[in-house]
Amino acid sequence: MNIIVITLLVIGGIGLVCGILLALAANFLAIKEDPRVEKLLEILPNANCGSCSFAGCADYAKAIIVDGVAINMCTPGGPDIAKRLAAFMGVELQAMERKVAIILCGGDKEKAPRRSTYNGIADCTAANAVDGGDKICRYGCLGYGSCSRVCPVGAIEISNDLAVVHEDLCIGCGLCAKTCPRGLIKIIPAKRTIHVLCSSKDKGPVVKKACKVGCIGCSICSKLAPNEAIKMDGFLARVDYTKDLENIELVEKCPGKCIIKKHDLK
Amino acid sequence: MKTYKAQYKIAGGVHPEYHKELTRDKGIEIMPLPPLLHVYMSQHLGAHAKPILKKGDKVLRGQLIGESTGFVSAAVHAPTSGTVKNIEETRTAAGTFTQTVEIEPDGQDQWTSSLTPISNWESTDSKVLLNAIAAAGITGMGGAGFPSHVKLSPPSGKPIDTIIINGAECEPFLTADYRLMLEHAAEIWEGARIISKILGAKNIRIAIEDNKPEAISAMEKAIGTADDSVHIVILPTEYPHGAEKQQIFAITGRQVPSGGLPMDVGVVVQNVGTALAIRDAVVNGHPLTERVTTVTGLPLAQPKNVMARIGTPYSDLIKFCGGINGVAAKIISGGPMMGLAQSSLDATITKTTSGILVLPAKAVTFYEAMPCISCGRCVEACPVNLMPCDLSQMLEAEDYEAARDCNVMDCVECGCCAYECPAHRPLVQYMRQGKARVSAKILEEKAKQAGKEKK
């Protein structure tokens, strides 16, 4: 009987002392975390894509609270999330527009033929390293789908040996743009409708041999576009996405047929 | 002088069919000047050279046309006298794009006298010799094209005691180095002595595979009564005994550490062609403007060893060799094991083009790659003791971190694994891609580290 009482007392005593120590430790050594970080994390999409340039959603949430980083950097979240973040933080909503990826090449199987048989690894980087790629055009989409494999939401389809972005699915995270060995993918505001779907810097005759829908560098569009919204980069017309451009007649005037108008997605 | 068999056995290796009989008995033929020469500004490993001429300029043979743009870079010289027709960006045999100087020969082939010949090199300061080699734009002529003046100026903490003159030529089909050893043994030997003087190395080793007995006796004759510091080492005929690090092990028993260079173990390896070019630069004052290349393959009418100018288009070389009978299924710049497949004959001869190989349809099969069956043949064949089977699966899954931990960066891309693979997996291509991705990652990390240190 005695033994049982002593055992209970000793073990109970040890438990009590340890409990008090733990309680004290929890009090003194606690890491002070802002409870708002967790709340922000609930708002963010938790895709951890890294397009905000932080290591993930948690890192971005912390940066908003601690460093006061802007709340409009989450591209996948878009304006909705930005609105909720702004409401939570009590700041004014900065301009936030939805962004999507675009592949600046229109040369599919029929329009931009290949010049050799490639039967190595089906990956654009690998194919590009073998004799500079198997397409005649040295700038065009190789169509081996490296971009579609890195896309976290499956928004890129390889159709007829050409990568095509499904804009309704795209979250604009930019992983595809980093992967493309030919640098054809740009992240642009989703509301933009007029694009030059070519990245070839070659001279006109070279482009014509390589592709039926290539930019030949005639510079007609750059003259028609208001406010220098299309600029010539050597023999290539590039849309300046910081400037407005709604000039639809450009599409008809382009002799290379590489300027297109896409639907407005908002 | 001693002649003996190599003492150490390298790991792995394969025995492909050699087919050297197509050109081994054909003496080096000097090719007449083609109508146009396209000289790439990237003839070598390292930074591209910068063209210094304009359209319409007149040039003399050996005149500087592209200046070296860094330490690991080499000067480029006009291969003949003539007029600069055009300067534009074109695709090289390696598939990269570089500035190309197009020269129309005037037929005079007149040399410039920009470099002074050094006839008494034995009593000349090493630095002067080194400058002459750098000014002549000499690069390794075996394949990789490492600028020679960089190889010959090791940092002060790394003494070189042995130089190896590489005449192994283990690539099937190629016989350019073999013919050089038969026809220019004395000049190669003089080049070897120049290299050894520059480096202050006491031992000279000349490495030749045992399927070239005539080359061995030609070199023995040229060396004559040299002292015991000179050895001719006979390597077994096995691919890849011509690979730098494998050759060093076979001859000296020293292993170049992972990520290291031969100079880390006190050795410098130079190809026989490079030794000859170095001798030509020092003794004759001639920059590197031509090289011997083996144009071979069954569909060719007359396979030949050709002395061609840098910048000669492949199409002209093939025409010089009688053209192609029937259909060529594949054209490779270099040998069949490490060469690069070409999609056209527009590429031109560079300082590193050791051969042009034309393969007939029956020698080329388009296999479909199958999953790895873990048979381990690639592991047995790998000369650097890697596990290509595992690595290829990691790289297929794009797990570059794992591949890096399994030392993908040590791969020498010799092709032994892909040669053995019964599932026909494109192992070398996986390795190349993995190496490219991992080295990009390493550069990124280094930049980050440098940024942190600045802060």
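Nothing here was measured: the structure is a model prediction, and the numbers come from that model.

Draft legend 1. View of the overall build of chain B. The helix and strand tally for chain B stands at 13 helices and 18 strands. Compactness check: chain B gives a C-alpha radius of gyration of 22 Å against a globular reference of 23 Å for 455 residues, within 12% of the reference. In terms of overall dimensions, chain B has a C-alpha envelope of 60 × 60 × 50 Å along the principal axes. Out of the 455 residues in chain B, the part that is buried amounts to 52%. Pairs at least 24 apart in sequence give 72% of the contacts found in chain B among residues at least 6 apart.

Draft legend 2. Structural view of the overall build of chain A. When you go through chain A residue by residue, the secondary structure sums to ten helices and eight strands. For 266 residues, the compact-globule estimate of 2.2 N^0.38 gives 18 Å, and chain A exceeds it by more than 25% at 28 Å. Seen along its three principal axes, the alpha-carbon backbone of chain A occupies a region of about 105 × 50 × 25 Å. Sorting the 266 residues of chain A into buried and exposed places 36% on the buried side. Contacts in chain A between residues at least 24 apart in sequence constitute 56% of all its contacts with a sequence separation of at least 6.

Draft legend 3. Representation of the nonpolar core within the structure. If you look at the biggest cluster of nonpolar residues, it comprises 179 residues, and the most contacted ones within it are Ile 163, Ile 165 and Ile 188 of chain B. Those residues in contact with Ile 188 of chain B, other than ones at most four positions away along the chain, are Ile 165, Leu 180, Met 181, Val 272, Ala 275 and Leu 276 of chain B. In this structure, Ile 43, Cys 57, Ala 61 and Met 96 of chain A belong to the second largest nonpolar core, which totals 13 residues.

Draft legend 4. View of the interface of chain A and chain B. Taken together, the contact between chain A and chain B spans twelve residues of the former and 15 residues of the latter. Per-class residue counts for the side of chain A that touches chain B are four nonpolar, five polar and three charged.

Draft legend 5. Main features of the packing of helix α3 (residues 176–183) of chain B against helix α7 (residues 272–284) of chain B. All names here are of chain B. Direction vectors running N to C along α3 and α7 enclose 50°, while the axes themselves pass 9 Å from each other. Considering the angle they form, α3 stands oblique to α7. Between α3, through Asp 177, Leu 180 and Met 181, and α7, the contact on the second element is made entirely by Val 272, Gly 273 and Leu 276. Along the lines of polarity and charge, the residues of the contact of α3 with α7 split into four nonpolar, one polar and one charged.

Draft legend 6. Highlighting the sheet that holds strand β6 (residues 64–67) of chain B. Residue and element names in this part refer to chain B. Taken together, the three strands give an open sheet; going across it, the order is β4-β6-β7, and neighbouring strands pair in antiparallel fashion. Edge positions in the sheet fall to β4 (50–51) and β7 (76–77), since each has one partner strand and no second. Sheet topology places β6 next to β7; two bridges connect them, and they run antiparallel. Each bridged residue has a counterpart across the sheet, and for Gly 66 the counterpart in β7 is Val 76.

Draft legend 7. Structural view of the sheet that holds strand β10 (residues 162–167) of chain B. Residue and element names in this part refer to chain B. Here five strands make up an open sheet; going across it, the order is β1-β12-β11-β10-β13 and the pairing parallel. Because the sheet does not close on itself, it has two edges, and the strands there are β1 (2–5) and β13 (267–271). Strand-to-strand, the axes of this sheet are offset by a mean angle of 25°, without reference to chain direction. Alignment of β10 against strand β11 (residues 203–209), held across six bridges, turns out to be parallel. Across the sheet, the residue bridging to Ile 164 is Arg 205, located in β11. Helix-sheet contacts for helix α5 (residues 213–223) involve β1, β10, β11 and β12 (230–235), and the interaxial angle to β12 is about 180°.

Draft legend 8. Up close: unusual backbone geometry. The residue after Tyr 239 of chain B, namely Pro 240 of chain B, is reached through a cis peptide bond having omega 0°. Mapped onto the fold, Pro 240 of chain B is located in the loop between β12 and α6 (244–252). One non-glycine residue with positive phi stands out, namely Ser 219 of chain A, at about 65°. Positionally, Ser 219 of chain A belongs in the loop between α8 (204–210) and α9 (220–224). For Ser 219 of chain A, a count of 14 C-beta atoms within 10 Å gives the class partly exposed. The phi dihedral of Glu 413 of chain B is positive, around 55°, even though this residue is not glycine. Tracing the backbone through its elements, the reader meets Glu 413 of chain B in the loop between α11 (400–405) and α12 (416–420). On the basis of neighbour counts, which here come to 16 C-beta atoms within 10 Å, the residue Glu 413 of chain B falls in the partly exposed class.

Draft legend 9. Structural view of the confidence of the model for chain B. Confidence along chain B averages 92 in pLDDT terms, with 100% of residues attaining 70 or more. We note a pTM of 0.84 for the whole complex and an ipTM of 0.82 for its interfaces.

Draft legend 10. Quick peek at the environment of Thr 296 of chain B. All names here are of chain B. Of note, Thr 296 is situated in strand β14 (residues 290–296). The sequence separation of Thr 296 and Phe 173 amounts to 123 residues, and the corresponding C-alpha distance is 7.0 Å. Beyond its immediate chain neighbours, meaning those up to four positions away, Thr 296 contacts Leu 22, Thr 23, Phe 173, Pro 303, Gly 355 and Leu 357.

Draft legend 11. A look at the packing of α3 of chain B against α5 of chain B. Residues and elements named next belong to chain B. Direction vectors running N to C along α3 and α5 enclose 35°, while the axes themselves pass 8 Å from each other. The element α3 and its partner α5 pack so that their crossing is left-handed. Across from Tyr 178, Met 181 and Leu 182 in α3, the residues of α5 making contact are Glu 214, Ala 215, Ala 218 and Met 219. Partitioning the contact of α3 with α5 into residue classes produces six nonpolar, no polar and one charged.

Draft legend 12. Quick peek at the pairing of β12 of chain B. All names here are of chain B. For β12, a buried count of six out of six residues is recorded, marking the element as mostly surrounded by other parts of the structure. The sheet contact formed by β1 and β12 spans four bridges and is parallel. Among the inter-strand pairings, Lys 5 is bridged to a residue of β12, identified as Ile 234. Bridge count for β11 against β12 is six bridges, and the pairing is parallel. Looking across to β12, one finds that Ile 208 is bridged to Ile 234. For the handedness criterion, the β-α-β arrangement of β11, α5 and β12 is classed as right-handed.

Draft legend 13. How the structure looks around α7 of chain B. Residues and elements named next belong to chain B. The first and last C-alpha atoms of α7 sit 17 Å apart over 13 residues, in line with the 18 Å expected at 1.5 Å per residue. Across the 13 residues that make up α7, a large majority, eleven, are buried. Phi turns positive, to about 70°, at Gly 285, one or two residues after α7.

Draft legend 14. Representation of α3 of chain B within the structure. Judged by how many residues are buried, α3 of chain B sits mostly within the fold: six of eight residues are covered. Among the residues of α3 of chain B, those classed as buried are Ala 176, Asp 177, Tyr 178, Arg 179, Leu 180 and Met 181 of chain B.

Draft legend 15. Region of the structure containing the confidence of the model for chain A. Averaged over every residue, the pLDDT of chain A is 87; the share at 70 or more is 98%. Mean pLDDT across the elements of chain A ranges from a minimum in helix α10 (residues 249–253) of chain A, with 83, to a maximum in helix α1 (residues 2–28) of chain A, with 94.

Draft legend 16. Up close: the pairing of strand β2 (residues 156–159) of chain A. Here four bridges tie β2 of chain A to strand β3 (residues 162–165) of chain A, and the two strands are oriented antiparallel to one another. Bridging from a neighbouring strand, Ile 158 of chain A pairs with Ala 163 of chain A of β3 of chain A.

Here is what the cut-offs are and how they apply
- Residues numbered from 1 in each chain as written.
- Chains lettered and ligands numbered in written order.
- Predicted model: local features only at pLDDT ≥ 70, side-chain atom pairs only at ≥ 80, totals over all residues.
- Helix = DSSP H or I, 4+ residues; strand = E, 2+ residues; numbered from the N terminus.
- Rg over C-alpha atoms; globule rule 2.2 N^0.38 Å.
- Buried ≥ 20, exposed ≤ 12 C-beta atoms within 10 Å, placed from the backbone.
- Contact = placed C-beta atoms within 7 Å.
- Core = buried A, V, L, I, M, F, W, Y, C linked by C-beta atoms within 7 Å.
- Nonpolar A, V, L, I, M, F, W, Y, C, P; charged D, E, K, R; others polar.
- Axes fitted to C-alpha atoms, helices over the stretch in contact; angles between N-to-C directions.
- Parallel < 35°, antiparallel > 145°, perpendicular 65-115°, else oblique.
- Pairing = 2+ DSSP bridges.
- pLDDT = per-residue confidence, 0-100.
- Left-handed = near helix turned anticlockwise from the far one by under 90°.
- Right-handed = clockwise from strand over helix to strand, strands pointing away.
- Expected span 1.5 Å × (residues − 1).

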